[in-house]
Structures are given as C-alpha cells and as structure tokens.
Protein chains: 4
Amino acid sequence: MIGLGRMGGNMRERLRAAGHEVVGYDPRPEVSDVASLAELAGALAAPRVVWVMVPSGEPTRNTVATLATTLEPGDLVIDGGNSRYTDDQPNAALLDAHGIGYVDCGVSGGIWGKDNGYGLMAGGEPEHIERAMPVFDALRPEGMREEGFAHAGPVGAGHFAKMVHNGIEYGLMQAYAEGFELMEASELITDVPGVIQAWSRGTVVRSWLLDLLVDALKEDPRLDQLEGWVDDSGEGRWTIEEAIAHAVPLPVISAALFARFSSRQAESPAMKAVAALRQQFGGHAVKKSGPAGAPGDKAGPSSGGGSTQQ
Amino acid sequence: MIGLGRMGGNMRERLRAAGHEVVGYDPRPEVSDVASLAELAGALAAPRVVWVMVPSGEPTRNTVATLATTLEPGDLVIDGGNSRYTDDQPNAALLDAHGIGYVDCGVSGGIWGKDNGYGLMAGGEPEHIERAMPVFDALRPEGMREEGFAHAGPVGAGHFAKMVHNGIEYGLMQAYAEGFELMEASELITDVPGVIQAWSRGTVVRSWLLDLLVDALKEDPRLDQLEGWVDDSGEGRWTIEEAIAHAVPLPVISAALFARFSSRQAESPAMKAVAALRQQFGGHAVKKSGPAGAPGDKAGPSSGGGSTQQ
Amino acid sequence: MIGLGRMGGNMRERLRAAGHEVVGYDPRPEVSDVASLAELAGALAAPRVVWVMVPSGEPTRNTVATLATTLEPGDLVIDGGNSRYTDDQPNAALLDAHGIGYVDCGVSGGIWGKDNGYGLMAGGEPEHIERAMPVFDALRPEGMREEGFAHAGPVGAGHFAKMVHNGIEYGLMQAYAEGFELMEASELITDVPGVIQAWSRGTVVRSWLLDLLVDALKEDPRLDQLEGWVDDSGEGRWTIEEAIAHAVPLPVISAALFARFSSRQAESPAMKAVAALRQQFGGHAVKKSGPAGAPGDKAGPSSGGGSTQQ
Amino acid sequence: MIGLGRMGGNMRERLRAAGHEVVGYDPRPEVSDVASLAELAGALAAPRVVWVMVPSGEPTRNTVATLATTLEPGDLVIDGGNSRYTDDQPNAALLDAHGIGYVDCGVSGGIWGKDNGYGLMAGGEPEHIERAMPVFDALRPEGMREEGFAHAGPVGAGHFAKMVHNGIEYGLMQAYAEGFELMEASELITDVPGVIQAWSRGTVVRSWLLDLLVDALKEDPRLDQLEGWVDDSGEGRWTIEEAIAHAVPLPVISAALFARFSSRQAESPAMKAVAALRQQFGGHAVKKSGPAGAPGDKAGPSSGGGSTQQ
C-alpha cells in the first residue's frame, strides 16, 4: 500500500483486519512500514500486488513510473486513487512494457470505509482482476460481492465509473442542499432538522448522504458554524468534459458544479456586468463597491413598475 | 380512510395489521367498506380520526367540504394526499368553523410503504398531532419515531415539507439518470448495470433510489422496454414556484423539472427557433420536417470550420 | 398620463413633442400638471385616453379602481406599466362595468425611449387599439409601425408579451455577462473591453445590450466600481411561473433568474449544506464562519487525491 | 486566401472589392485561382500575407504545416477559421521556426459578412497585426475600426475571443428561442411573429439575431418547415471546457449547449432511467417502447394525488 493518508491508512488497517499481509509506504516515516519503494518491493515476495493510493495527477503518474523500474515482471499495480481515467492507458502501457500488470480501481466510501467497507469499481484485464480479487473482497463491504464491487470494463473503466459516481454525488448533494435552503427560507417549517431526519426511513429520498446531513444538523442545526464555500476535486469537472465529448446533456450535474464555483467567488464579474447593463438601460439601483450600503437584500422583487423597469 | 387507491388501500392494511380499527370508503364498491361518507361517519364512534387519501386539488377540497358537514365537533381530519400546502389553511378554517380539527400530512414511500412503513411529515396544532400519534406510529417505519415522522410546523407545514421532499426527489433521480446516460455513452464501461449495483454498498451515492435503479436494470439492462417520457405530478412545479417566491436559487431541481417537460415534447418549438436562426446567419444544415432524412446524429460537433460557422 | 417617474415623465415629453395634448398627474406636485385624478379628468374632453404608468401591483390596481369611478363611459384606460398579465382581465372587467375601455401595453426602452421611441406590445379589443393608435404611433420609434408596435392579442396579451420580453432580456444579459467573466478570467485576452467593442458591428452577437455593455466598460473597464448584486423586478419570476404552467422548459431564462437570486445572498444555506456533507463523508476542508481564514480560493480543483476525496 | 467555401469565397470578393490583389486556392478547381499552394506562393510577391480559411482541426493544422515549407521567411499566415485557440501556439511555433509570422483571427458575420463586413478579433504580435491591418480594414464593417476589430492579445487570443463570442451566441439564441416557445404555448398571444417583429426597434432585446428571427418567421410563421434539431460546431463545447478550467460558472451557456445535445436525441437514456425509477417506487405510468400509445402528452401535471404519487 503506497500512500497512507486518510484513505490509504484506513485501507491498510481494513486489509490487515481481513488477514492480509500488508506493507505500507508513505513519505512520512511515522506512518510508513518501510523507508522506500525499493524496500517495499524487497519486503514482499513476488508476484506482488501493489496498491497506489496517492493524490491524482503528477504524484500518481510519478509513483507508477517509479514502480515500473522497481517491481518485477508478473507483479500487479492497482491505482486506487482518484486519477482521471485518461491517465490509465498510459500507466498500463508503461507497466506492460516491463511485464507488470495494471488495474485501475475507483474507491468510494470516504472516512467511513474502514468500518463499512469501500465501494469498488475496477478496470483492467480479467486475469489481473482475478488476481486482485482477494484484496477487493477484503476492502469491499460484507455481503454480496456484486453490491460493492464491479469489474466495469477494460483499463480506465474503473476510474471512469468513479468519475461518474462523483458527478452523481455532486448532483445528489446539491438537490438535498436546495431543499434544505428552501425549507430554511419558509416560515412554515419550524423544525427543519426534524423534517430531514424524518426522511431517514420509509421515504423515497432516504440515502446515506441524507443520514450524513441528519448528523451534521444534529451538531449544528442551522449550519451556523460553516461558510457556504465548497471546493471541488476534479471528478465533477471531468464528468462534464466527458459529457461534452459524448454530446450527453448533464444539466443537473453541471448546475451542481457551477454552484460550487460560484460559492467560492467573493465577487462575480458576470453579475457585475448584469448590474452594469441594468444601470445603463434603466437607471436601476446598483451597489457601488466600497463601504457604502446596498439597496437592501430582500426576497421580493423590487416593485420597480412603470417608473424604472422597462 | 377515505380513498382506497394504491396508497390508501395499502395504508388501511398497514393500520389494520397494527391493530387499528379502520373503516375504508372509496367510490368503487368492490374495495369500499361502506357505501358513503355518512355511513363511514356512522360506523365510527366519536371522536373520529378521518384520513383523506384522494387525489389532490378539487377532489380533496370537495371531500373536506363534505366532511365539514358530515362529521361532528371534536373529530379530526388528516389530509394525507399530495395537496398543495396552500390548500391547507382554507381546509383547516372550513373544518374549524364546525369544531373539527385538521392536520396535513405528507406521506412518502410509494407502493413499498405497506411493508416498509411510510415517511411522514405532519403540520397542525400540537393537540391534533398528539391525538393522531397512534395512527402515525402505525404508518411510519418501525424504529425511532424521529426517523420516520416529524411534526414539521403549523397547518400546511406537512405538505410544504412533502413538496420539498418531492422536489429533492426530482433532483436525485435526474442525477442518477445523467450518470447512467454518460456511462451508456461511453465505450469503456462494459457493464453499466454492474457498476450501478456495485454502488449499492459502501459508496457515497448509495440510496434507496439507487437500489430501485438496480432492480430496474435487472429487469431490463439497457431500459430498452421504456421510452424516455416522464410525467410530473405537481410538487416539482410547486417547489420551483415556492423558491421563486422566496428568491431561493434552485438550479438543480429546476433543471430536473425542465428535463421532464422536454421529455414529453415530440418537437421543441425553441429548438426550431434556434435551428431557424442558425440557418439565417450561417446557412447551417437544418432538418426539414417531413419524411426526408437528417444531416446525421453524431456525437462529435460538425467540423463546420471556416466555411460555414461564423 | 398618470405617473410621471422616469418612464411616464419621458413619455409625456415624447407625446408632447409629437403634438399631442397631454395632462400629467403624479402625487409629486413639482412634476404634476394637475392636483388630482378628478382634476385630470376635468382637464380633458371626453372621450379621454388615460395612460397609467405607475408601479405594478397594488398601485396600478388602485389607480384603475379610482379611474373606474372618475372617468366616463366611452373613455379608454391604457395600463402601460409592468403589471402582471393576470391583473389585466380583472382591470378590464372593472372598467367595462362602467363603460370604460381597457388596453394593456407592454413598454420597452428604458430611459432611452424618450429619444429612440419605445417598443410597444398591446392587448385589447381591436376598436380600443385603433382609438389609441395615434398615441402608440407617437411613442414608438420612427420607421415601420410593425417594427415597434404589435397588437399582440386580447386583453392581457400586451403584458404577457412584455413579460416574455423581459424574460428573454434576463437570458441575453446573463449570456453576455458569462462571456465577459470568462474573458476576464483568461490570461490571453489583454483587452476585454476592446474585444467586446469589436463585436459592435458585423458579428452575430451585436445588439443594443452589447452597445450598452461597451458604454459601461468605457466608463469602468473592469467594472471595479460595481458590486455583483442584481435585483429583479418580477417579470423574470412570472416568466418562469408561466412556463411551469405550460410545461415549457426554460433552462436559460431560469438560470439567469437564479443567478440574480444568488448574487444577492451574502451566504448560501444550500452551499453550507454541501460543505457540511463533504465534511461528514470525507473530512474535507470547510470554511468555518468567523474571522479565521479559508482554505484558499483558487481556480484549480484541490488535488485531494487518494488521501481525502472519496 | 486558402479555402473558398462560403466564408473564404465571400471574403475574397470583399477584399477584391476593396482594391486588394487576392489569389485564392481551394481544392475545387472551379473556384480556385491556382492549382496548388506552391502555385499560390508563386503568384504573390514576398512578403506575402496568407489567410487560411479552412475547417478547423486537422485540415487547418495540415494547411499550416504545408505553408511552413511552402512560404518564405518574412511571410505572414493568418488563421481566420474556427480553430480552437489551443492550436494557435503550436501553429505559431512551427511557422516561427521557418521565419514566418502567425496571427489568429476570429471572424464573425456568417454569410452576411460579404456585404456588412466581418467582426474581427485578432491575436498575435503587434508587428504582425500591423502588417495585416489593411486586410483587416477591408474585411471589417465600415465605420470606426474599434467597432469591428480588436487586437485581443497574443497568439491565441483571437480564437479565444471568437470562442467566447460563439458561446455567448448560443446563450442569446436559446434565450430568444425559449421566449418564442412560451409565447407559442400561450393562448393569449395571437400574433407571435408580430410581437417579435415589434421588438425590432426601441426595445431592450433588439439585436441582429432578433432581426434574423423576424425574417425566419416571415418565411414560416410557426416554423412548421423545420425540425427542432440543432447541431453544434465546437466553440460552445470549448467555451464550457475553458470555463471549467478557470472555475467560471456558465449556467446559461451550458444550458444552451445541453439543449442542443438533447435536441439531437431521438430518445434520452437519462429520461428512461427516471421513468424506470418512478415506475419502481410508485407504479407510475410509463411509455413502453413500441407501437402502443402513451399516457397522453398534456401540459398539466397528472393529478396523481393520494393514490399513486408518493
């Protein structure tokens, strides 16, 4: 196991708990079992299965490149990180030139996976998948294999499936969030956290994300402790790009992504432009930058009417 | 129990299974226990609790109006249908003038509720809620009351919460659906139903709706038996209207609603207008109505290039 | 002319410049020609044409109600304000009961209409339209009547057309604004105002709104003087509501409206909920409310990778 | 002038009308002035200015590569096609290695440009722009240079600006189209083409695209001759991709692009999935594929109500 952060560290523990022998490597000596990738290779008998769990992009590509010359023919590398699926074919080809197999595996479950098991989507050749199956079985949730693991297709399919999974996740989260906001805005709902908790069982919208929202609202019923600032980590963007490449309309997932972009803007150049246009044609109220106040932030549209709005 | 359709009929069974005495009325004599609302009132000792489970709008309003003169002071009416929350205050006022109480209750769970229990969101005065609590407890899923029932607020709050629930439901369904389509469009994913089933456990996107999608794909792996035609039943529309009234942005839920509208259009006047514009300024290819063919339906954008697109 | 604000005052001038006799009434004595509606009626010989140009909603409805008892049979009232079209039939019926005609007229052109003329869309019975035609001809731009005036349909059609006009306007403005923001975000475009000005002639996107954006950027090349805060005045909301009533998908116009809603939020409850969810499942960075700093506002997605994002 | 299609052919004419000596090359001998690129080079005295107006992507890249070895140091190549801006730096570097200059120029105006002039956005080094200025001046509309031409920035900026221009164009067209559809759906508007024509002057939404819509509706008042099928030619897709790269929210332009994608789908896999889900949880009506009919295509939501929708 290469990379012992929140995901990799937990996965090492889950694998060990299932009886697997695991050697972990991480640049931080306090969590690492070995001092280098070479030492990691030396600590395992061939044929090895090496799980890479490091940040996507450059770090993962570099790790794979190092493994190509550190491992031996017959070994197998699994990239379980959030790599873009387009990295998989090059990685597989590089390793294949050294006789090393490659599987990409999307992993979902977050910090809960250690106990619950991780949902897994793997891409690669059937013989490689089969060899790694004991690892997958240890990582996935207990129960039917088919409900926590899929061989999604050839190399790249695992990360592609994970990318789509995360795109869906963006849409799901935004849907709940919009409902939360609308109930918060209503005078009628006097117990928003209670309503959301009541959706936990029996309803059509029950889900694990809903359970997490219930938990969050128990800690902070109006989410006063948080700012409405939301990062994104690539998969949502890639999902839209992939949709564009295939001419697939994704109005919901793209709206969820754009809402995150907007959430991180202190000021919107686009909305400045709209304000400028309204001022130009109608002399509408705008907010000038600076310490001075604004024309008021109210839910109702300005009455505008005959005198200014036309 | 007034209204013994798929929902009301199942709820009668669930209530009886919990030991409640239930008299059901439905205009269809083959399912009804009594021949009229008057007979229903006569069959129950006062104070009665009458659950109305008929189509929203006119039918529910008419039923409530009839009950106002059929029931007695001290009785309680619960509207468990999908009424718009704006109907609740008038209904409550009408009944109150006759000394009859009123509670609105959003009910979620579909045809599965008979066995799983129904998620419930109620609006009304505390004493009315309390009186109806044994009924709510019989209908909701077993387990903690708070996970299947909420007293959401005053009269109207139950239907408001149910409206938001359904709005969220639109967004969730569309998010899964977009992900399904993108995987279908990809050459990489060779087992789309398998990937979706693998999300059942451990992943961030696991949910009851996902489980239903897994079931649907088991029956029909590419959904070949269905058309992409999706009805809507009011709550999604009301959710958007309510958001507009409160100046709450709902990009995801509105996109989901509009996707349903589009799905029902054999032909889009808007897209005709776009086609007309492109033809006007660039001589771009359009599809003329009629038996003749089209310029080809391909994923890649037309190369257009220097010669036509500008 | 009742209501001598920015619109009504300018229209009085334009009508007088065209040789019409106009008596203006406004509650502000410094701009009003008469002291009351009764005095206004007395100052004109029957049959009168009275143009109402006051804020929509209550003020317009009240003015019409007053005119119903102030004017005489055979007179004609034109509501040129931004009333919702659903107000028109009640207004017409009220006046009709007194033998007074009614026309609703959408007016576009803003503060520029005094010199350029106003685009007009009228609803009402043909004989009423015909009687008011000299007024319409004086207000509309010079040139072909058909290019600045339409009899859109029966009572209500004028305001309906104006509502749609404004809905389109929201979409157009947002489209330009998004393009502006993208160019601002790019390192490549060194002269954003110059590019936008270069679109003024010959291009597909040339328009009056574009000309106004050019003017605004001349005054303030990066719009530093403005905040991205944009009000809305009803028509955009009504357009969406009308679309919902007709099951017409309006993804662009609704997105433009929601962008305005978002622009006025100091904090988004929805995005707080998304942040809360991400924190729950992945331990992702969030911004806590308060004076402390944020995890950085950057364009690139956080690398996240194997350690945290899953 | 290389490439004598609808754009290049017209531009050759406009340049000649302005007194420029132009040699045109096209693979179709019936429109070409010379038989090959070599012959074209031979027909012009150095230093040459060569305008490339061929389809974007491979054809343009190939043409530039050929010119690199056909032209001489000191010559200048202008790519006026719809190339993606990311092609420009490689093209410029390739030519620079041969001492040849490069300018990218976005060109807008469609088939109308021959008479109206073309809106131009150029990217490149100042000395190259200056050398080409007589060409730009002949192609752009008459009037102020700044209103039809901009030096947008370094190499790539011209095509970047054109890409954004086209993205905006998508949004503008969709906004008008949505308004058209809503008026078509309304019973109130009895003269939709008349209303749209009345917007031609004085209104806030007047534009060249609106004028084109007026023309289209004169030919076909309800657009019965067209199908709602709309192609896209790359720039809209690139605009979204660029926005994603810069974390810029583009809700309107993306909605317009997705509407085009949807317009080309005979059947939507996503909406099949939503239909499947509704059937699973509620037994809702779906449309089975095949000759049998549908549950009716109506504007109003199905009453659903208590019996099925929950």
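Residues numbered from 1 in each chain as written. Chains lettered and ligands numbered in written order. Predicted model: local features only at pLDDT ≥ 70, side-chain atom pairs only at ≥ 80, totals over all residues. Heavy atoms only, no water.

Counted only if it meets this: UniProt positions are given in the numbering used here, feature names are shortened, and annotations may be inferred rather than shown by experiment.
The name recorded for chain A in an unreviewed UniProt entry is 6-phosphogluconate dehydrogenase, from Pseudonocardia alni. Under the heading Sequence similarities (unreviewed entry), UniProt records this for chain A: "Belongs to the 6-phosphogluconate dehydrogenase family."

## Observations concerning the overall build of chain A
Rules: A run of DSSP states H or I qualifies as a helix once it reaches four residues; a run of E qualifies as a strand once it reaches two. Both are numbered from the N-terminal end. Residue burial is assigned from relative accessible area. The probe radius is 1.4 Å, only protein chains are included, and a residue is buried under 20% of its type maximum, exposed over 50%, and partly exposed in between. Should any heavy atoms of two residues lie within 4.5 Å, those residues are considered in contact. Computed by Shrake-Rupley with a 1.4 Å probe, the accessible areas treat only the displayed protein chains as cover when residues are assessed. The charge count treats Lys and Arg as positive and Asp and Glu as negative. His and the chain ends do not count. Lys charges are placed at NZ, Arg charges at CZ, Asp charges at CG and Glu charges at CD.
Along the backbone of chain A there are 13 helices and five strands. Counting only C-alpha atoms and orienting by the principal axes, one finds that chain A spans roughly 80 × 45 × 40 Å. Burial analysis of chain A (310 residues in total) assigns 66% to the buried set. Residue pairs at least 24 apart in sequence account for 62% of intrachain contacts in chain A once pairs closer than 6 positions are excluded. If you sum the accessible surface of chain A, you get close to 10000 Å²; carbon and sulfur atoms cover 51% of it. Side chains of chain A carry 25 positive and 41 negative charges; the gap between the two charge centres is 6 Å.

## Quick look at the environment of C:Ser186
For C:Ser186, the location among the structural elements is in the loop between helix 7 (157–185) and helix 8 (192–198). Along the chain, C:Ser186 and C:Pro73 lie 113 residues apart, while their C-alpha atoms are 64 Å from each other. Those residues in contact with C:Ser186 that sit more than four places away from it in its chain are D:Phe160 and D:His246.

## Some words on the relation of the copies chain A and chain D
Quick reminder of the rule: Copy-to-copy superposition: least squares on the C-alpha atoms, limited to residues that have pLDDT of at least 70 in both copies.
Each copy of the sequence occupies a distinct position, and chain A is placed on chain D by a rotation of 180° and an axial shift of 0.0 Å, giving an RMSD of 0.0 Å. The transformation just described matches what one would write down for a two-fold rotation axis. Among all residues of chain A, the one whose C-alpha sits closest to the rotation axis is A:Glu241, at a distance of 3.2 Å. A symmetric contact is evident, with 100% of the interface residues of chain A recurring at the interface of chain D.

## Looking at the sheet that holds strand 5 (residues 149–153) of chain D
Residues and elements named next belong to chain D. Selection rule: Paired strands are those between which DSSP finds at least two bridges. For every element, the axis is a line fit to its C-alpha atoms; helices are fit only across the contacting stretch, and the angle between N-to-C directions ranges from 0 to 180 degrees.
One open sheet accounts for five strands, arranged 1-2-3-4-5; its pairing is mixed. Every other strand in the sheet has two partners, leaving strand 1 (49–52) and strand 5 as the edge strands with one partner each. Averaged over all pairs of adjacent strands, the angle between strand axes in this sheet comes to 25°, irrespective of strand direction. One ladder, built from four bridges, connects strand 2 (residues 76–79) with strand 3 (residues 101–108); its direction is parallel. Among the inter-strand pairings, Ile78 is bridged to a residue of strand 3, identified as Val103. Its contacts with the sheet place helix 4 (residues 88–96) against strand 2 and strand 3, and it is angled at close to 145° to strand 3. Across the face of the sheet, helix 7 (residues 157–185) comes into contact with strand 2, strand 3, strand 4 (119–123) and strand 5 while running at roughly 15° to strand 3.

## Considerations on helix 12 (residues 269–282) of chain C
Residues and elements named next belong to chain C. Note the cut-off: Helices are assigned an expected span. That span is 1.5 Å times one less than the residue count.
Between its first and last C-alpha atoms helix 12 spans 20 Å; for 14 residues at 1.5 Å apiece the expected length is 20 Å, and the two agree. In terms of residue burial, helix 12 counts as a mostly covered element, since 12 of its 14 residues are buried. Within the span of helix 12, buried status applies to Ala270, Met271, Lys272, Ala273, Val274, Ala275, Ala276, Leu277, Arg278, Gln280, Phe281 and Gly282.

## Notes on the packing of aromatic side chains
Here is the rule we go by: Pairs were defined over the aromatic rings of Phe, Tyr and Trp, the Trp ring being its six-membered one, requiring ring centres within 6.5 Å. Orientation was assigned from the angle between planes: stacked under 30 degrees, edge-to-face over 60, tilted for the rest. Our definition puts a charge over a ring when NZ of Lys or CZ of Arg is within 6 Å of the ring centre and also within 35 degrees of the ring normal.
Under the defined criterion, the tally for this structure stands at 20 aromatic pairs over all chains. Relative to D:Phe261, the ring of D:Phe258 lies with its centre 6.0 Å away and its plane at 55°, an arrangement referred to as tilted. Pair noted here: D:Phe258 and D:Phe261 are both in helix 11 (residues 251–263), with a separation of three residues, about one helical turn. Of the residues examined, D:Phe261 reaches a relative accessible area of 1% and is grouped as buried. One aromatic cluster in this structure is built from A:Trp51, A:Phe136 and A:Phe149. Between the NZ or CZ atom of C:Arg260 and the centre of the ring of C:Tyr170, over which it lies, the distance is 3.6 Å.

## Quick word on unusual backbone geometry
Peptide bonds are, in most cases, trans, and in most cases residues other than glycine have a negative phi. All names here are of chain A. At the junction of Ala46 and Pro47, the peptide bond is cis and its omega measures out at -5° in the coordinates. Although it is not a glycine, Ala247 adopts a positive phi angle of roughly 55°. If you trace the backbone, Ala247 turns up in the loop between helix 10 (235–245) and helix 11 (251–263). Relative accessible area serves as the criterion here: at 10%, Ala247 is assigned to the buried category.

## Digging into the interface of chain A and chain D
The condition that has to hold: Here the quantity called buried area is the accessible surface, traced with a 1.4 Å probe, that two parts lose on coming together, added over both. Salt bridge, as used here: a side-chain nitrogen of Lys or Arg that lies within 4 Å of a carboxyl oxygen of Asp or Glu. The definition of a polar contact used here is a pair of N or O atoms within 3.5 Å, where within protein one atom must be able to donate a hydrogen and the other to accept one, and adjacent residues in sequence count solely through side-chain atom pairs. Under the scheme applied, nonpolar residues are Ala, Val, Leu, Ile, Met, Phe, Trp, Tyr, Cys and Pro; charged residues are Asp, Glu, Lys and Arg; polar residues are all the others, including Gly.
Listed as interface residues are 21 residues of chain A and, on the opposing side, 21 residues of chain D. Buried area between chain A and chain D, both sides added, is near 1600 Å², and the carbon and sulfur share of it is 74%. For the interface between chain A and chain D, the tally reads zero salt bridges. Linking chain A with chain D are two residue pairs in polar contact (both at pLDDT 80 or more). By residue class, the composition of the side of chain A that touches chain D is 14 nonpolar, four polar and three charged.

## Considering the pairing of strand 2 of chain D
All names here are of chain D. Formally: For the handedness criterion, the strands are oriented away from the viewer, and a crossover whose path from the first strand over the helix to the second runs clockwise is classed as right-handed.
Neither face of strand 2 is left uncovered, since the one carrying Leu76 and Ile78 and the one carrying Val77 and Asp79 both have all their residues buried. One ladder, built from four bridges, connects strand 1 with strand 2; its direction is parallel. Note that in strand 2 the partner of Trp51 across the bridge is Ile78. Viewed along the sheet, the connection from strand 2 through helix 4 into strand 3 turns out right-handed.

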